[in-house]
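What the coordinates show
For reference, the chains in residue letters:
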Amino acid sequence: MDFFNVAPSVIIIGPAGSGKTKMVRDYVRGRQCVWLDGLVSNDFTECLAFIYRTIGIVSEKPTNTIRTFEELSEALLSQRRLERHDELVFVVDWLERFIYDCGGAGGESTNKQQLIYGLLELTTMAPNFNIKVIGMTRRTDIIEGMEKRVRSRFSQNIVHLPF
């Protein structure tokens, strides 16, 4: 599982039952982890509020008014939720729901993959901290579906599990 330590982001591609979830659960055991599931919600505001609750950040603003990852980054650092060398792992299960199904009627992408972009930006906003983003998907065409700005942030660390 050295591919988790090579870069700040990794995409694991494989069919149902190939071991994606087990591999990631084994890796995150004992680490601070936020598990986002595209089947539960891919709404940007809901996911940000979930991140705040999971990490235990106390905000002066109601969580439904938090709009940017800059605010999240500042809160992580100011409330010392991360100490140097701590690891925070964001797992994005059903990544395709955040890439292809970004909300909006008629398939419109209203948030323009903002959540994934923001998570990847967090890995660069706090360079002294070990923040990782792990995406899991069944879709082999996931990279092609990403906006250019999202694709450029991914480390291109891709693991294909056998079909």
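Refer to the structure above for everything that follows.
First, a word on what this report is: a plain description of the structure on this page. It should be emphasised that the depicted structure is a prediction, and the values quoted were computed from it without experimental measurement. (Residues numbered from 1 in each chain as written. Predicted model: local features only at pLDDT ≥ 70, side-chain atom pairs only at ≥ 80, totals over all residues. Heavy atoms only, no water.)

1. A word on the pattern of salt bridges
The test is simple: A pairing counts as a salt bridge when a side-chain nitrogen of Lys or Arg comes within 4 Å of a carboxyl oxygen of Asp or Glu.
A complete count under the given rule lists 6 salt bridges for this structure. In this structure, Arg139 and Asp141 form a salt bridge, with 2.9 Å as the shortest nitrogen-oxygen distance. Sharing partners across several salt bridges, the network here consists of Lys22, Asp26 and Arg29.

2. Some details on the packing of aromatic side chains
The condition that has to hold: Note on aromatic contacts: the rings of Phe and Tyr and the six-membered ring of Trp form a pair at centre separations within 6.5 Å, being stacked when their planes are under 30 degrees apart, edge-to-face when over 60 apart, and tilted otherwise. Consider the ring centre and the ring normal. A charge sits over the ring if Lys NZ or Arg CZ is within 6 Å of that centre and within 35 degrees of that normal.
The tally for this structure, following the rule as stated, stands at 0 aromatic pairs. Above the plane of the ring of Trp35 lies Arg25, whose end atom (NZ or CZ) is 5.5 Å from the centre.

3. A look at the environment of Ile142
As a reminder, the rule being used: Secondary structure elements follow DSSP: runs of H or I of four or more residues count as helices, runs of E of two or more count as strands, with numbering from the N terminus. Burial classification: accessible surface area is computed with a 1.4 Å probe over protein chains only, and a residue below 20% of its type maximum counts as buried, one above 50% as exposed, and the rest as partly exposed. Here, two residues are considered to be in contact whenever any of their heavy atoms come within 4.5 Å of each other.
For Ile142, the location among the structural elements is in helix α7 (residues 142-145). On the basis of relative accessible area, Ile142 is assigned to the buried category, the value being 0%. Put simply, Ile142 and Ile13 are 129 residues apart on the chain and 8.7 Å apart in space, counted from C-alpha to C-alpha. Every residue in contact with Ile142, bar those within four places of it in the chain, is listed here: Ile11, Ile13, Leu95, Glu96, Ile99, Tyr100 and Thr137.

4. Examining the sheet that holds strand β3 (residues 87-93)
Note the cut-off: When DSSP finds two or more bridges between a pair of strands, those strands are recorded as paired. For every element, the axis is a line fit to its C-alpha atoms; helices are fit only across the contacting stretch, and the angle between N-to-C directions ranges from 0 to 180 degrees.
With parallel pairing, the 5 strands of this open sheet are ordered in space as β2-β3-β4-β1-β5. The open sheet has two edge strands, β2 (32-37) and β5 (158-160), and neither has a second partner. Averaged over all pairs of adjacent strands, the angle between their axes in this sheet comes to 15 degrees, without regard to strand direction. Here β2 runs beside β3; their pairing, made up of 6 bridges, is parallel. The partner of Trp35 across the bridge, within β3, is Val91. Here helix α2 (residues 20-28) sits on the sheet and contacts β1 (9-13), β2, β3 and β4 (130-137); the angle it forms with β4, its principal contact strand, is near 165 degrees.

5. Side note on the environment of Tyr27
Assignment of secondary structure puts Tyr27 in helix α2. What makes Tyr27 buried here is its relative accessible area of 4%. Remark: the alpha-carbon pair of Tyr27 and Val89, spanning 62 residues in sequence, is separated by 9.6 Å.

6. Describing helix α3 (residues 44-55)
Rules: To estimate the expected span of a helix, count its residues, drop one, and scale the result by 1.5 Å.
Over its 12 residues, α3 extends 17 Å from the first C-alpha to the last, a length consistent with the 16 Å expected when each residue adds 1.5 Å. When we look at burial in α3, the residues that qualify are Phe44, Cys47, Leu48, Ala49, Ile51, Tyr52 and Ile55. Directly after α3, the chain includes Gly56, whose backbone phi takes a positive value near 85 degrees.

7. Things to note about helix α6 (residues 114-125)
End to end, α6 covers 16 Å across 12 residues, agreeing with the expected 16 Å (1.5 Å per residue, within 8%). Taken together, the buried positions of α6 are occupied by Leu115, Ile116, Tyr117, Gly118, Leu119, Leu120, Glu121, Leu122 and Thr123.

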